[in-house]
Amino acid sequence: MFLCSHFILTQPVTFLVKHQQRCQEMEFAELIKTPRVDGVVLRRPFLPTVEGTLCLTGHHLILSSRQDNTEELWLLHANIDAIEKRFVGSLGTIIVKCKDLRVIQLDIPGMEECLNIASSIEVLSTLDSVSLMYPFFYRPMFQVIEDGWKSFLPEDAFKDLESMTEEWRLSDVNKDYSVCSSYPPLVAVPKDVDDDTLRKAAAFRHGGRFPVLSYYHKKNGMVMMRSGQPLTGTNGRRCKEDEKLINATLRAGKRGYIIDTRTVSVAQQAKARGGGFESEANYPQWRRIHKAIERSSILQESLIKLVEACNDQSHSMDRWLSKLEASNWQTHVKEILTTACLAAQCIDREGASVLVHGTEGTDSTLQVTSLAQIILDPACRTIQGFQALVEREWLQAGHPFQQRCSQSAYSNSKPRCEAPVFLLFLDCVWQILRQFPCSFQFSQHFLVLLFEHTYASQFGTFMGNSASERSKLNLSQKTVSLWSWVNRPQEVERLSNPLYEANCLVIWPSVAPQSLLLWEGVFLRWKRSSRCLDEAYDEMVHIIQYNNKELQNKVNNLRRQLAQLETEEPLLQTP
């Protein structure tokens, strides 16, 4: 069985290792100094020690054992964030720190072998060549029932919109990615706005990210749009086409809200660099609200501090709480959720349309627009609907996954563009799921799986930084989509929430500090045994299934009794 989320195999290793070695021999031969070492001991928290053979292939670190009932470790090099080397005499130890926050230890006999293995891992885990990444070599060992690359196309999403309103159209103004390199070829825009207006508006927005439709609220016809910041600069430049574009979304006599995810001071400073914000004089029908969501560099530092706190072995309550607070992670969660609730409130309760942007419009903007949809739209709380949301609001909307997820919390390299933007979004979703445990079709296992695959994956879904890059890499033809794996019936069942009852209402999460918890399923996952929790969860599922069966039996009995009464009634009425 292939445990996709953990990159572990429990089947015989020989055939697969040989197959990979043949495929990758030319590409990686010079990088692997010692391909195999016997007598290696694997140590992992809460799991038995395993002794076996360590093999290095072009993409995996593999440890296989002849011991009975032991899992073989298959770890993608891409999942390795950092390593540490230690030596005691001729015995070498490599501490492997993973992007999914695992830490494992390999005791390797022989100093030279240990040095060679460590050197190869360091090189193979930091390869820059996209063409050498594992998704291009991976061949699925499961039957692909549904091609995930075709599951959530913009054309299909627009058909749903067309069934609700005729005020929008699907524009191919960006079909060659020349108007905006981070937008998809097709975008939804107001019907009354032509493509020439869109081009001029794009020239006025950061990165060409002109305002496009993010969400249509069926209840009252209000919309949420997203964009990059306007390029007003210090001279207060204006663009009438941009004004026309966003005003086209307003109903007669209605006002809208512009939610800027920067503080007023940061937005003011952006003017000196050619950016800026919408002035009230040029956008009189719009009220601007500033909500502070931290920049990506701050978020990366926060993740590093949080993981350091979770790894602290001092067992001091004061020290733990102090470190947790110093990380500011929960503060970021609160800020993002608060802003998303504000956007949802403007749409649902105020009956107003909303435009969301920060600077680029590819990070905090997407956190807000996607979380607002989780709050407003029950379809986004289903397994298929959440996939569609990630595809539409993150992948097609141009979140730079490859840049943001190239390092995790352990890397010794100086952060460049790395930031846990998507992980923070998933954390916020988990907070809402925890507060509304019956309103989501999926469990936290789905969120953890997505976290893992954004940082290291055999699937091509999160490769690249935009639809344009994925198109150039021809990923839909050369790699397998994660959605092809997720939408298999047995995987849907594994990821499903047994407490789910469809809830068509808007759900309003609490953002009070007391309501927001540390996401243990990610940050403490490898720090304590999950056996008792897993057993309790399995027992809960069993009880629910048993009760459902009992209820179904009662329903069937009542139906039989009703049918019998209906057949007897004519006989009773006969004189």
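Keep in mind the model is a prediction, meaning the values are calculated, not measured.

Undergrad: Just give me the short version of the overall build of the protein, but keep the residues and values in it.
TA: Counting its secondary structure elements, the protein contains 20 helices and 16 strands. Relative to the compact-globule value of 25 Å for 575 residues, the protein shows a C-alpha radius of gyration of 27 Å, a close match. Principal-axis analysis of the C-alpha atoms gives the protein an extent of 95 × 80 × 55 Å. For the protein, buried positions account for 53% of its 575 residues. Long-range contacts, defined as pairs at least 24 residues apart, comprise 71% of the intrachain contacts of the protein with a sequence gap of at least 6. Accessible surface for the protein amounts to roughly 26,900 Å². Of this, 52% is attributable to carbon and sulfur atoms. If you average the places of the 63 positive and of the 66 negative side-chain charges in the protein, the two averages end up 4 Å apart.

Undergrad: With reference to specific residues and values, describe the confidence of the model for the protein.
TA: Per-chain confidence: the protein averages 91 in pLDDT, with 94% of residues scoring 70 or above. Taken together, the stretch residues 1-14 has pLDDT below 50 and engages in 51 contacts with residues farther than four places along the chain or on a different chain.

Undergrad: An account of helix α13 (residues 421-435) is requested, with residue identities and associated values reported.
TA: With 15 residues, α13 extends 22 Å from end C-alpha to end C-alpha; this agrees with the ideal 21 Å at 1.5 Å per step. Counting buried positions along α13 gives 13 out of 15 residues, so the element sits mostly inside the fold.

Undergrad: So, unusual backbone geometry: which residues are in play, and what are the values?
TA: Trans peptide bonds make up the majority, and among non-glycine residues the majority have a negative phi. Of note in this structure, F46 is not a glycine but carries a positive phi near 70 degrees. Its place among the elements puts F46 in the loop between β3 (36-43) and β4 (50-56). Of note, the phi angle at N474 is positive, near 55 degrees, even though the residue is not glycine. For N474, the position within the fold is in the loop between α15 (467-472) and α16 (475-478).

Undergrad: Go over the sheet that holds strand β12 (residues 212-216) with me, naming the residues and quoting the values.
TA: Strand pairing in a sheet is mediated by backbone hydrogen bonds. Such pairs are either parallel or antiparallel. Taken together, 5 strands build an open sheet; the order of strands is β12-β13-β16-β14-β15 and the sheet is mixed. Looking at strand neighbours, the two that pair on one side only are β12 and β15 (286-290), the edges of this open sheet. Averaged over all pairs of adjacent strands, the angle between strand axes in this sheet comes to 25 degrees, irrespective of strand direction. Of the pairings in the sheet, the one linking strand β14 (residues 256-260) to β15 comprises 5 bridges and is parallel in character. By the bridge assignment, I258 is partnered in β15 with R288. Set on the sheet, helix α9 (residues 329-348) makes contact with β13 (223-226), β14, β15 and β16 (353-357); between it and β14 the angle comes to about 170 degrees.

Undergrad: Describe in detail the packing of aromatic side chains, supporting the description with residues and values.
TA: Scanning all chains against the criterion turns up 22 aromatic pairs. Residues W394 and F422 carry aromatic rings whose centres are separated by 5.1 Å and whose planes lie at 80 degrees to one another, so their mutual orientation is edge-to-face. Of this pair, W394 sits in helix α11 (residues 383-395) while F422 sits in helix α13, placing them 28 residues apart in sequence. A residue is classified by how much of its surface remains accessible, and W394, at 0% relative accessible area, is buried. Within the aromatic cluster, the residues linked to one another by ring pairs are F152, F386, W394, F401, F422, F425, F440, F442, F446, F462 and W483. Sitting over the ring of W508, R349 keeps its end group 4.3 Å from the ring centre. Here the basic side chain of R488 rests over the ring of W485, its NZ or CZ set 4.3 Å away from the ring centre.

Undergrad: Talk me through the environment of E84; I want residue IDs and the actual numbers.
TA: As for its placement among the helices and strands, E84 is situated in strand β7 (residues 80-88). Residue class for E84 comes out partly exposed when judged on its relative accessible area of 30%. Here E84 is in contact with T93, I94, I95 and K97, once residues within four sequence places are set aside. Polar side-chain contacts of E84 include one of 2.7 Å to the side chain of K97.

Undergrad: Can you tell me about the nonpolar core, naming the residues and giving the values?
TA: In this structure, F386, L450 and F523 are the most contacted members of the largest nonpolar core, which totals 122 residues. Look past the residues within four positions of F523 in its chain and what remains in contact with it is L101, L303, L306, C310, W329, L423, D427 and L518. Formed by 16 residues, the second largest nonpolar core is a distinct cluster that contains L161, W168, F204 and Y283.

Undergrad: I'd like to hear about the UniProt feature "coiled-coil region" (unreviewed entry) in the protein, residue by residue, with values.
TA: The feature "coiled-coil region" (unreviewed entry), as annotated in UniProt, sits at residues 541-568 in this numbering. Span residues 541-568 is 100% helix and 0% strand, its end C-alpha atoms 41 Å apart.

Undergrad: Could you give me a rundown of the UniProt feature "domain: Myotubularin phosphatase" (unreviewed entry) in the protein, with the residues and numbers involved?
TA: When the UniProt feature table is mapped onto this chain numbering, "domain: Myotubularin phosphatase" (unreviewed entry) sits at residues 148-523. Secondary structure content for residues 148-523 is 43% helix and 9% strand, and the end C-alpha separation is 29 Å.

Undergrad: Run through the packing of helix α7 (residues 296-310) against helix α8 (residues 317-327), naming residues and quoting values.
TA: At their nearest, the axes of α7 and α8 sit 8 Å apart, and the two run at 165 degrees to each other. Put simply, α7 runs roughly antiparallel to α8. Crossing angle aside, the handedness with which α7 passes α8 is left-handed. The residues of α8 that touch α7, namely those facing S302, K305, L306, E308, A309 and C310, are W320, K323, L324, A326 and S327.

Undergrad: Tell me about the pattern of salt bridges, and name the residues and values.
TA: In the structure shown here, the tally under the stated rule is 25 salt bridges. Among the ionic contacts, a cluster of salt bridges with common partners joins E308, D312, R319 and K323.

Scoring rules and cut-offs
Residues numbered from 1 in each chain as written. Predicted model: local features only at pLDDT ≥ 70, side-chain atom pairs only at ≥ 80, totals over all residues. Heavy atoms only, no water. Helix = DSSP H or I, 4+ residues; strand = E, 2+ residues; numbered from the N terminus. Rg over C-alpha atoms; globule rule 2.2 N^0.38 Å. Buried < 20%, exposed > 50% of the residue type's maximum accessible area, 1.4 Å probe, protein only. Contact = heavy atoms within 4.5 Å. Areas by Shrake-Rupley, 256 points an atom, 1.4 Å probe, with all protein chains shown as cover. Lys, Arg positive; Asp, Glu negative; His and termini not counted. Charge placed at Lys NZ, Arg CZ, Asp CG, Glu CD. pLDDT = per-residue confidence, 0-100. Expected span 1.5 Å × (residues − 1). Pairing = 2+ DSSP bridges. Axes fitted to C-alpha atoms, helices over the stretch in contact; angles between N-to-C directions. Phe/Tyr/Trp six-rings, centres within 6.5 Å; stacked < 30°, edge-to-face > 60°. Lys NZ or Arg CZ within 6 Å of the ring centre and 35° of its normal. Polar contact = N/O pair within 3.5 Å; in protein donor to acceptor, adjacent residues only side chain to side chain. Core = buried A, V, L, I, M, F, W, Y, C linked by side-chain atoms within 4.5 Å. UniProt positions renumbered as here; feature names shortened; annotations may be inferred. Parallel < 35°, antiparallel > 145°, perpendicular 65-115°, else oblique. Left-handed = near helix turned anticlockwise from the far one by under 90°. Salt bridge = Lys/Arg side-chain N within 4 Å of Asp/Glu carboxyl O.

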